[in-house]
Amino acid sequence: MPLLRIDLIEGRDDAELKTLLDALHRAMVAAFQVPERDRYQIVHEHAPSRMIVEDTGLGIERTEKVVFLQVTSRPRGVEKKKEFYRLICEELKKSCGIKSSDVVISLIENTDEDWSFGLGRAQFLTGEL
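These numbers were taken from a predicted model, which means no experiment stands behind them.

## Side note on the sheet that holds strand β2 (residues 40-46)
Strand pairing in a sheet is mediated by backbone hydrogen bonds. Such pairs are either parallel or antiparallel.
Line of reasoning, step 1. Here we have four strands laid out as an open sheet, ordered β2-β1-β3-β4, and mixed in their pairing. At either end of the open sheet lies a strand with only one pairing partner, and these are β2 and β4 (103-109). Adjacent strand axes in the sheet meet at a mean angle of 15° when their direction is disregarded.
Line of reasoning, step 2. Pairing between strand β1 (residues 3-9) and strand β3 (residues 67-73): six bridges, direction antiparallel.

See the structure below:
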């Protein structure tokens, strides 16, 4: 049920994107214990001049491999969120060679009534999920 919107600077090939998306999904499954087929990922690629990701004054250096991840999900506890942030960076480093300094994550929380997975129904509310 988490929806991942991934913003990247254009230039990765399909194999690189698949590896990146698979790494993100592994971290999601491990941190939030979502089912394996609970996978909703949308990639947006941008020209370098169309994506500016600075460091909020923290001194973090970014490269052209920067990944901005926006996650819409049910509320998660603080410890689960911290574990998710750590696992995302770990998976992206291991699988894609992306440094943790190139990973920015924003979590947006919503509730069961905010989701419909199709057929005009709110499956969490109807008991289908």
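## A closer look at the side chain of R12
Line of reasoning, step 1. Its location among the elements puts R12 in the loop between β1 and α1 (14-32).
Line of reasoning, step 2. Buried and unpaired, R12 has E16 as its nearest opposite-charge partner, separated by 5.7 Å.

## Notes on the packing of α1 against helix α2 (residues 78-96)
Line of reasoning, step 1. For the pair α1 and α2, the least separation of the axes is 8 Å and the interaxial angle reads 150°. Classified by the angle their axes make, α1 and α2 are roughly antiparallel. In this structure, α1 meets α2 at a crossing whose hand is right-handed. Taken together, the residues of α2 that come into contact with α1 (itself represented by T19, L20, A23, L24, R26, A27, M28, A30, A31 and F32) are K80, K81, E83, F84, L87, I88, E91, L92, S95 and C96.
Line of reasoning, step 2. When grouped by side-chain class, the residues that make up the contact of α1 with α2 number 13 nonpolar, two polar and five charged.

About the criteria used
Residues numbered from 1 in each chain as written. Predicted model: local features only at pLDDT ≥ 70, side-chain atom pairs only at ≥ 80, totals over all residues. Heavy atoms only, no water. Pairing = 2+ DSSP bridges. Helix = DSSP H or I, 4+ residues; strand = E, 2+ residues; numbered from the N terminus. Axes fitted to C-alpha atoms, helices over the stretch in contact; angles between N-to-C directions. Buried < 20%, exposed > 50% of the residue type's maximum accessible area, 1.4 Å probe, protein only. Lys, Arg positive; Asp, Glu negative; His and termini not counted. Salt bridge = Lys/Arg side-chain N within 4 Å of Asp/Glu carboxyl O. Parallel < 35°, antiparallel > 145°, perpendicular 65-115°, else oblique. Left-handed = near helix turned anticlockwise from the far one by under 90°. Contact = heavy atoms within 4.5 Å. Nonpolar A, V, L, I, M, F, W, Y, C, P; charged D, E, K, R; others polar.

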